[in-house]
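# Per-entry structural report
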Amino acid sequence: MARGLELFQQSAVGFTRQISPYDTLVYSTVNPGLMYALVYLMWAPFLYPGGHMPWAILTVSQMFVIAGLYWLLSVAMPRQGGEYIYISRILHPALGLMSSFMISFTAISWTGVCSDWALKYALVEFFASMGIVSGNQTWFQWASILNAPNVRAVLGTIMILIIWVVFYKGSRAMMKMSWMALIGTGIGALTFIVAALMADPGTFAANFTRLTGLNYNQVIPLAVQAGHPTKFLFGATLMAGSTYIILNTLGATFGANLAGEVRSVQKSQLLAMFGSLALLMSAWAIFYGLSYKIFGSLWTNALMYLAGTGNPAYPFGQYEPFATILLGILTQSPVFILLIAIAFFMATYGSCAGMSFGPSRNIYAWGFDRLVPAKVSEIDPKSGSPVIASTIALVVAELFLLLDVYVPAWTAYIGYTIFTWFLAWILLGISGIVFPYRRKLLFDSAPPVVRGRFLGLPVVTWLGILTTIISVSICSYLLIPFFKGDMPYTMIVMSIILLVLPLIIYYLSKGSYARQGINIDIQFLEIPSD
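Residues numbered from 1 in each chain as written. Predicted model: local features only at pLDDT ≥ 70, side-chain atom pairs only at ≥ 80, totals over all residues. Heavy atoms only, no water.

## Examining the overall build of the protein
Helix and strand content of the protein: 21 helices and two strands. Compactness check: the protein gives a C-alpha radius of gyration of 23 Å against a globular reference of 24 Å for 530 residues, within 12% of the reference. For the protein, the C-alpha atoms occupy an extent of roughly 75 × 50 × 40 Å along the three principal directions. The burial tally for the protein puts 61% of its 530 residues in the buried class. When the accessible surface of the protein is totalled, it reaches about 18600 Å², and 69% of it is carbon and sulfur. (Helix = DSSP H or I, 4+ residues; strand = E, 2+ residues; numbered from the N terminus. Rg over C-alpha atoms; globule rule 2.2 N^0.38 Å. Buried < 20%, exposed > 50% of the residue type's maximum accessible area, 1.4 Å probe, protein only. Areas by Shrake-Rupley, 256 points an atom, 1.4 Å probe, with all protein chains shown as cover.)

Quick look at the structure:
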C-alpha cells in the first residue's frame, strides 16, 4: 500500500463493457430530459423576471468546462462511480461519498418527481387542453380525475416498477429506453416546427383571447403591474440560464458513472460529454426560440409570471401554462395536442429511467468499497445487473414521487436539486485542482491527454479552478429567489439532509470496521480493478 495508487488487487467488478460510444452519447443526451426545457420555460421567467430564455442558452458554455473536467478524470480513472471514485481517491473517502450521495440521490429524486411530471404535463394537461379548445366539460372531468393525488401516485408507482424491470434486464435495455426518449424528443421538436409554420402570433393571440376570456394584449400590462420588468434584463438572463437551463444539463455527465461498462472510454466520454451538450442546446433553441416566436417573447414570460405568482388574472386555474395547452390554443387541433403529449411522455419517461440508472452504479461502487453493506455490490448472475443497488435507487425514487404528489412544497421548482448538485461539484472542482499534486503517481501514469498543460499548469487544474468558481456562483444565484421568498425553506433543508446523511454513513461504516481491526481508508489509496 505504501507504494501509492495502484489497481485494486481484487476480482473484477463484474460488469462487461457492452455500451457503445453512440449509446453513451444518446444516454447522456436524453438523461437530463431534452423536453424539460418546456417545464423550465414556466419556472425560470417567474423566479428570474426579465430572463430571456433563448439567449440564456449561452450560459451552458459553463458546462463545457465541467464536462471537460469529467472527461479527463474519467480517462484517468475509468471505473464505475464517476465523481465518487475521483473525489474519494483524490481528497478523502468521506468527501467522495458525500458528493456522490448528494448527486446520486438528487438524480434519483428526479425519477420520482419527473414520473409525476409525465403524468401532469402529458396526460392531465392533454385532457385540460382538449377541454379548453373544445369547451367540452367532459375533458376537464377526466383531467380532474387523473390529476387526483391518489391516481397520480398509483400510475407513477406503476411507471417506476416498469423502470425496475428495465434495470433488471441490464444496460442494453436501458440504452433502448434512451433511444425511445430521443425519438420522443424528435416528435416534439417536429410538432413545434410544423405548428410554427402553420400559424402565426396573430392567430395565437386571437385564439387566446377567444378561448380564455383574457385579452392577449392585457397579459403584459397585468404582469408589469404585478412587478414584472418591462424588458429583458442581462442579470436575470444570466441567472435564469445558470440555474434552470444548466439544470437541464445535469445528468449529461452520467456516462462517467458507467465508465466500467463503456467501450473505448476516452472516445466514448469525449463524444458523450460534449456531444450531449451540443444536442441539448440545439433542442432548447427549437423549443425556446419557437415558443417566443409563436406566443410572443415578453408575453410568454409575462404569462409565466402571472402563473407563478398566483395572479387571479391567470386564466387556466389549477393547470400550469405548459406547451400542451399553449400549442392546443395555437392549433386548436387534437392531433397536435396528442403529439406534444406523447412526445413529452416518451422523452420524460426515458429520462426518468436514466436519472436513476447512473446513480445505481454509484450505489454499487459504495458497496464495493464497503461504505454500505457489501451485498449492495452483488451482480445478479442471470441479468448481469446490480439488482440490490437498483432496487434501493427506485425505492428512494418512489419516496420522492409520493412527496411530489402529496407534499409538493418539498419538491417545489426542484430548487434543492440545483443547490445540492453544485455544492457537490465544488468538491469535484477542488479535486481537479489538486489531482496532479495530491495523487502525482496516478496523474503521471494517466494517458497523455490527461497530463496536458496550459500556461505552466495542468489543464485538469485549470478546469478544476473554473468548475469551483462556476459551482459557487450558481449556488449563490439560487439563493436570490430563496431569500425573496419564491423558494420554500425546504430547498435548504433537503440539501442539508443530503449533505449530512452520507457523513453519518461513512463514519458508522468506518467505526464498524475499525472494531474488527480493519482500516477501510487504506483501500482509497487505490482505484478498483477493471
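And the narrative resumes.
## Focus on the packing of helix H6 (residues 93-134) against helix H21 (residues 490-514)
Look at H6 against H21: their axes get within 8 Å of each other, and the N-to-C directions meet at 135 degrees. With respect to their mutual orientation, H6 and H21 come out oblique. Considering how the two elements wind past one another, H6 and H21 form a crossing that is right-handed. Here H6 contributes Pro93, Ala94, Leu97, Met98, Phe101, Met102, Phe105 and Thr106 to the contact with H21, which in turn contributes Leu498, Leu499, Leu501, Pro502, Leu503, Ile505, Tyr506 and Tyr507. Here the contact of H6 with H21 is composed, by residue class, of 15 nonpolar, one polar and no charged. (Axes fitted to C-alpha atoms, helices over the stretch in contact; angles between N-to-C directions. Parallel < 35°, antiparallel > 145°, perpendicular 65-115°, else oblique. Left-handed = near helix turned anticlockwise from the far one by under 90°. Contact = heavy atoms within 4.5 Å. Nonpolar A, V, L, I, M, F, W, Y, C, P; charged D, E, K, R; others polar.)

## Brief notes about the packing of aromatic side chains
Tallied over the entire structure, the rule returns 42 aromatic pairs. Centroid distance Tyr314 to Phe316: 5.5 Å. Interplanar angle 90 degrees. Geometry classified as edge-to-face. Tyr314 gets classed as buried once you look at its relative accessible area, which sits at 11%. Between the aromatic rings of Trp421 and Trp425, the centroid separation amounts to 5.9 Å while the plane-to-plane angle is 85 degrees, which identifies the pairing as edge-to-face. Note that Trp421 and Trp425 are positioned in helix H18 (residues 415-438) at a spacing of four residues, about one turn of the helix. Per residue, the accessibility class of Trp421 equals that of Trp425, and both read buried. Site record: aromatic cluster; members linked through ring pairs are Tyr36, Tyr40, Trp43, Trp117, Tyr121, Tyr244, Phe322 and Phe344. One cation-aromatic arrangement involves Arg370 over Tyr513; the distance from NZ or CZ to the ring centre is 5.6 Å. (Phe/Tyr/Trp six-rings, centres within 6.5 Å; stacked < 30°, edge-to-face > 60°. Lys NZ or Arg CZ within 6 Å of the ring centre and 35° of its normal.)

## Thoughts on the state of the cysteines
Counted by the stated rule, this structure contains zero disulfides. Cys114 forms no disulfide, and the closest cysteine sulfur to it belongs to Cys352, at a distance of 5.1 Å. (Disulfide = S-S within 2.5 Å.)

## Structural notes on the side chain of Ser431
Take Ser431: it is sitting in helix H18. In this structure Ser431 comes out as buried when scored by relative accessible area, which is 0%. With residues near it in sequence (within four places) discarded, Ser431 still touches Ile87, Ile90 and Leu91.

## So, the nonpolar core
If you look at the biggest cluster of nonpolar residues, it comprises 184 residues, and the most contacted ones within it are Phe208, Tyr244, Trp425 and Phe435. Here this core takes 24 residues from H6, the largest share from any one element. What Trp425 contacts, discounting residues up to four positions off in sequence, is Met63, Ile66, Tyr70, Ile103, Leu250, Thr253, Thr467 and Ser471. (Core = buried A, V, L, I, M, F, W, Y, C linked by side-chain atoms within 4.5 Å.)

## Concerning the pattern of salt bridges
Within this structure, the stated rule accounts for three salt bridges. Note that Asp116 and Arg152 form a salt bridge whose closest N and O atoms lie 2.8 Å from each other. Here Arg152 lies in helix H8 (residues 149-169) and Asp116 lies in helix H6, a separation of 36 residues in the sequence. Under the relative-accessibility criterion, Asp116 is labelled buried at 0%. The partner of Asp444 in a salt bridge is Lys440, with the nearest N and O atoms 2.8 Å apart. Taken as a pair, Asp444 and Lys440 lie in helix H19 (residues 440-445) at a separation of four residues, close to a single helical turn. Taking the relative accessible area as the measure of exposure, Asp444 reaches 38% and is therefore partly exposed. (Salt bridge = Lys/Arg side-chain N within 4 Å of Asp/Glu carboxyl O.)

## As for a nonpolar patch on the surface
Nonpolar side chains collect at one region of the surface, where Ile496, Ile497, Val500, Leu501, Ile504 and Leu508 lie side by side and expose about 510 Å² of accessible area between them. By secondary structure assignment, the location of Ile496 is in helix H21. (Patch = residues over 30% accessible without salt bridge, like charges linked within 9 Å, V, L, I, M, F, W, Y side chains within 5 Å.)

## Let's talk about unusual backbone geometry
In this model, Gln332 sits at a positive phi of 50 degrees, which is unusual for a non-glycine residue. Following the sequence through the fold, Gln332 ends up in the loop between helix H15 (323-331) and helix H16 (334-368). Under the relative-accessibility criterion, Gln332 is labelled partly exposed at 32%. You will see that Leu455, though not glycine, has its phi angle at about 50 degrees, which is positive. Along the chain, Leu455 falls in the loop between strand S1 (453-454) and strand S2 (457-458).

## Overview of helix H20 (residues 459-484)
Residues separated by three or four positions in an α-helix point in the same direction, a consequence of the helix having 3.6 residues per turn. An ideal rise of 1.5 Å per residue puts 38 Å on 26 residues; H20 measures up with 39 Å between its terminal C-alpha atoms. Immediately beyond the C-terminal end of H20, within one or two residues, lies Gly485, with a positive phi of roughly 95 degrees. (Expected span 1.5 Å × (residues − 1).)

## Overview of H6
In this model, H6 (42 residues) spans 59 Å end to end at C-alpha, consistent with the 62 Å of a helix rising 1.5 Å per residue. The principal kink in H6, of about 40 degrees, is found at Glu125. With respect to burial, H6 is a largely interior element, 39 of its 42 residues being buried. Of the residues one or two after H6, Gly135 is the one with positive phi, at around 80 degrees. (Bend = angle between axes of the 7 residues up to and from the residue.)

## Quick look at the side chain of His52
As for its placement among the helices and strands, His52 is situated in the loop between helix H2 (37-47) and helix H3 (53-56). Exposure remark for His52: the relative accessible area of 15% places this residue in the buried category. Among all residues touching His52, those that are not within four sequence positions of it are Phe232, Thr237 and Tyr292.

## A few points about the packing of helix H4 (residues 61-76) against helix H5 (residues 83-90)
Across the interface, H4 lies against H5 with an axial gap of 10 Å and an inter-helix angle of 75 degrees. When the interaxial angle is binned, H4 and H5 end up roughly perpendicular. On the side of H4, the interface is formed by Tyr70, Leu73 and Ser74, while H5 contributes Glu83, Tyr86 and Ile90. Classifying every residue of the contact of H4 with H5 by side-chain character gives four nonpolar, one polar and one charged.

## With respect to the environment of Phe105
Tracing the backbone shows Phe105 in helix H6. In this structure Phe105 comes out as buried when scored by relative accessible area, which is 8%. Each C-alpha atom of the pair Phe105 and Ile363 lies 9.7 Å from the other, and the pair is 258 residues apart in sequence.

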